[in-house]
Amino acid sequence: MSKTANIPLSVADEEYDPLKGVRLPRDKDLPPVMRELVSNAPTKFKVPTFVTCLAPLGCMSTRVRTYYTFDQDPHALLFQVIVCADQSGGKSFARSIEHTIMNPLHVRDQELRRIEQQYRELKQTRAKNSKLPDPPLTDVRTCPASISIAQIVKRADTFLRKYSQPLTMWIWADELAAATDSNKRAFSNLQTISRIAYDLGSEFGVDYLSDNSYSATVDIIYCSLFCATPSSLDEFMTRRQLEGGNVTRTILCDLGNQLGDDAPEFQRITTTQQALIDKVLQLMMDDTYGGDGEIMAEKWIDMSWLDKTVRKWCMQKNLEAVKSGSASLGVFFKRSSVSAFRAACLCKYLYDIEKQVDASNAKSDELIERLCRQIYLYMAEYILNSMLQKWGAAYEELQVKRVQAQRPKLTLFDQLPQQFTRDQLQELCTKLNLGTPVRVFLAKWTARKLINKLDKNVFVKL
């Protein structure tokens, strides 16, 4: 914590930073691509721009692997981001970020989709009894929000058949309602898959009897970016998703109330900025695809120098949860730390790439670690606070109901005081909707020596 305190901060940070204490690095100190996009954003949209960049850049970093201090299995840089604001609340900036970062993958996938279309056309024109060539193994990674379960399983299985390795898929939608409508249909409900897709190595399997479907057990991993209004977000994240863990796997970027604000003005990307972005994105593509039609080896990034900071932050939040008794804090902080750790690892990867693009402006390893540590602390707080503000109260309410449902109910006899009157017993019977007459209870309890009569209408429990 003390190391990050010495990093200079932007004067403008005070105006848009929703957190106190640690902040994001200055615009110029951010890693490439993020730096260019955040620098062009208006003050209030700098943090949302940084957060929105995580999902597409994470998808482009599909071969990056690292170890999280609390886990034995490796992690990929997987993010599920939702940008939330009212109608006309400025969410459209996310579309520009998506197009800018994902363009190399969109171009590649467009060519692969043409190959798929050509095969479908060939299949339609051939006679039914004629022999067709084997279908092409097209490793398309960009998927619409309304993709079916069978299709996403097929896409993921193609990666395994072609490369024997999973690749990160990309799901993007201007409107979260597209995903909500898709989830209403059983064959395209991705809520369970979205939980599995957050972790590398978690497999999802289907085994259909129909020849028209697709059956396989695969490792599905994807990054996603959705724009949502508060009402569509509530419809998407229901009680089932709150209890199932979809919420904790989500990075919520809430733009807040825009009432009275002027329309946000983003600067256009300059030619110089675009040239740098293109170089970085090309290097990320080169770290994924080799020239011989194969994928590159996994790119491991050592983040062990961040372990102490991660453990300290988690210990602090765990202690806060114990002191406050907050069930939501005790649950939400864990994956907040995981997502923040992945964000720090992504930034470390981008800082390292900058050394290849422009060595003269590259930062030292010591400074990179300090900046990444600062990014982890900021994002851990940001993600946690966003979840607590949106879903904390609802989660606490669910916990209370669960505890009450599990708590054994007291009998009529146990709810009576040690000494009670006939009227008290009648009042309790009415409250519990019991139709048995009071005299019957008194007679049976007396016969079993559970009570003793002190007066005409006064009794004591033995």
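Above this text is the structure in question.
Remember, it's a predicted structure, so these values are computed and weren't measured experimentally. (Residues numbered from 1 in each chain as written. Predicted model: local features only at pLDDT ≥ 70, side-chain atom pairs only at ≥ 80, totals over all residues. Heavy atoms only, no water.)

Caption draft 1: Broad picture of the side chain of Thr-138. Among the structural elements, Thr-138 can be located in the loop between α4 (93–125) and β3 (142–143). Given the relative accessible area of 7%, Thr-138 is considered buried. (Helix = DSSP H or I, 4+ residues; strand = E, 2+ residues; numbered from the N terminus. Buried < 20%, exposed > 50% of the residue type's maximum accessible area, 1.4 Å probe, protein only.)

Caption draft 2: Broad picture of the packing of helix α11 (residues 307–324) against helix α12 (residues 327–357). Axis separation between α11 and α12 bottoms out at 9 Å; the angle between their running directions is 165°. The angle between α11 and α12 places the two elements in the roughly antiparallel class. Between α11 and α12 lies a crossing of right-handed hand. Contact with α11, carried on its side by Val-310, Trp-313, Cys-314, Lys-317, Asn-318, Glu-320, Ala-321 and Ser-324, involves Leu-329, Gly-330, Phe-333, Ser-336, Ser-337 and Phe-341 of α12 and no other residues of that element. Looking at side-chain class alone, the contact of α11 with α12 contains seven nonpolar, five polar and two charged residues. (Axes fitted to C-alpha atoms, helices over the stretch in contact; angles between N-to-C directions. Parallel < 35°, antiparallel > 145°, perpendicular 65-115°, else oblique. Left-handed = near helix turned anticlockwise from the far one by under 90°. Contact = heavy atoms within 4.5 Å. Nonpolar A, V, L, I, M, F, W, Y, C, P; charged D, E, K, R; others polar.)

Caption draft 3: Broad picture of the nonpolar core. Counting 127 residues, the largest nonpolar core has Phe-50, Ile-220, Tyr-376 and Met-379 as the members making the most contacts within it. Considering every element that reaches this core, the biggest residue donor is helix α13 (residues 365–406), with 16 residues. Those residues in contact with Ile-220, other than ones at most four positions away along the chain, are Ile-152, Val-153, Ala-156, Met-169, Ile-193, Ile-196, Ala-197, Ser-202 and Phe-204. Of all hydrophobic cores here, the second largest spans 13 residues; its members include Leu-412, Phe-413, Cys-429 and Phe-441. (Core = buried A, V, L, I, M, F, W, Y, C linked by side-chain atoms within 4.5 Å.)

Caption draft 4: Fine view of the pairing of strand β2 (residues 80–84). Extensive coverage of β2 is indicated by the burial of five of its five residues. Of the two faces of β2, both are covered, the one formed by Gln-80, Ile-82 and Cys-84 as well as the one formed by Val-81 and Val-83. Relative to strand β7 (residues 222–228), β2 is paired through five bridges, and the arrangement is parallel. When the sheet's bridge partners are listed, Gln-80 is paired in β7 with Ser-224. (Pairing = 2+ DSSP bridges.)

Caption draft 5: Up close: the environment of Asn-103. Take Asn-103: it is sitting in helix α4. Given the relative accessible area of 42%, Asn-103 is considered partly exposed. Along the sequence, Asn-103 and Leu-281 sit 178 residues apart, while their C-alpha atoms lie 9.1 Å from each other.

Caption draft 6: Structural detail: a positive patch on the surface. Together, Arg-113, Arg-120, Lys-123, Lys-154 and Arg-161 give the surface a local cluster of positive charge. Ranked by the residues each element gives to the positive patch, the list is headed by α4, at three residues. By the secondary structure assignment, Arg-120 is in helix α4. (Patch = residues over 30% accessible without salt bridge, like charges linked within 9 Å, V, L, I, M, F, W, Y side chains within 5 Å. Areas by Shrake-Rupley, 256 points an atom, 1.4 Å probe, with all protein chains shown as cover. Salt bridge = Lys/Arg side-chain N within 4 Å of Asp/Glu carboxyl O. Lys, Arg positive; Asp, Glu negative; His and termini not counted. Charge placed at Lys NZ, Arg CZ, Asp CG, Glu CD.)

Caption draft 7: Broad picture of the packing of α4 against helix α10 (residues 271–286). α10 packs onto α4 with a crossing angle of 50° between their chain directions and a minimal axis gap of 9 Å. Compared by their axis directions, α4 and α10 come out oblique. Handedness of the α4/α10 crossing: right-handed. For the pair formed by α4 and α10, the contact residues are Thr-100, Ile-101, Pro-104, Leu-105 and Arg-108 on the first element and Ile-277, Leu-281 and Met-285 on the second. Residues belonging to the contact of α4 with α10 are distributed by class as follows: six nonpolar, one polar and one charged.

Caption draft 8: Seen up close, the sheet that holds β3. Strand order in the open sheet formed by five strands is β3-β4-β7-β2-β8, and the pairing between neighbours is parallel. Every interior strand has two partners, whereas the edge strands, β3 and β8 (251–254), have only one. Here β3 runs beside strand β4 (residues 169–173); their pairing, made up of two bridges, is parallel. Its bridge partner lying in β4, Cys-143 is registered against Ile-171.

Caption draft 9: Spatial organisation of the sheet that holds strand β12 (residues 458–461). One open sheet holds the three strands; their spatial order is β10-β12-β11, and the pairing between them is antiparallel. Edge positions in the sheet fall to β10 (419–421) and β11 (451–455), since each of these pairs with one other strand and no more. Mean inter-strand twist for the sheet, computed between neighbouring axes without regard to direction, equals 30°. Alignment of β10 against β12, held across three bridges, turns out to be antiparallel. For Gln-419, the partnering residue across the bridge sits in β12 and is Val-460. The sheet strands contacting helix α15 (residues 422–431) are β10 and β12, and the helix crosses β10 at an angle near 80°.

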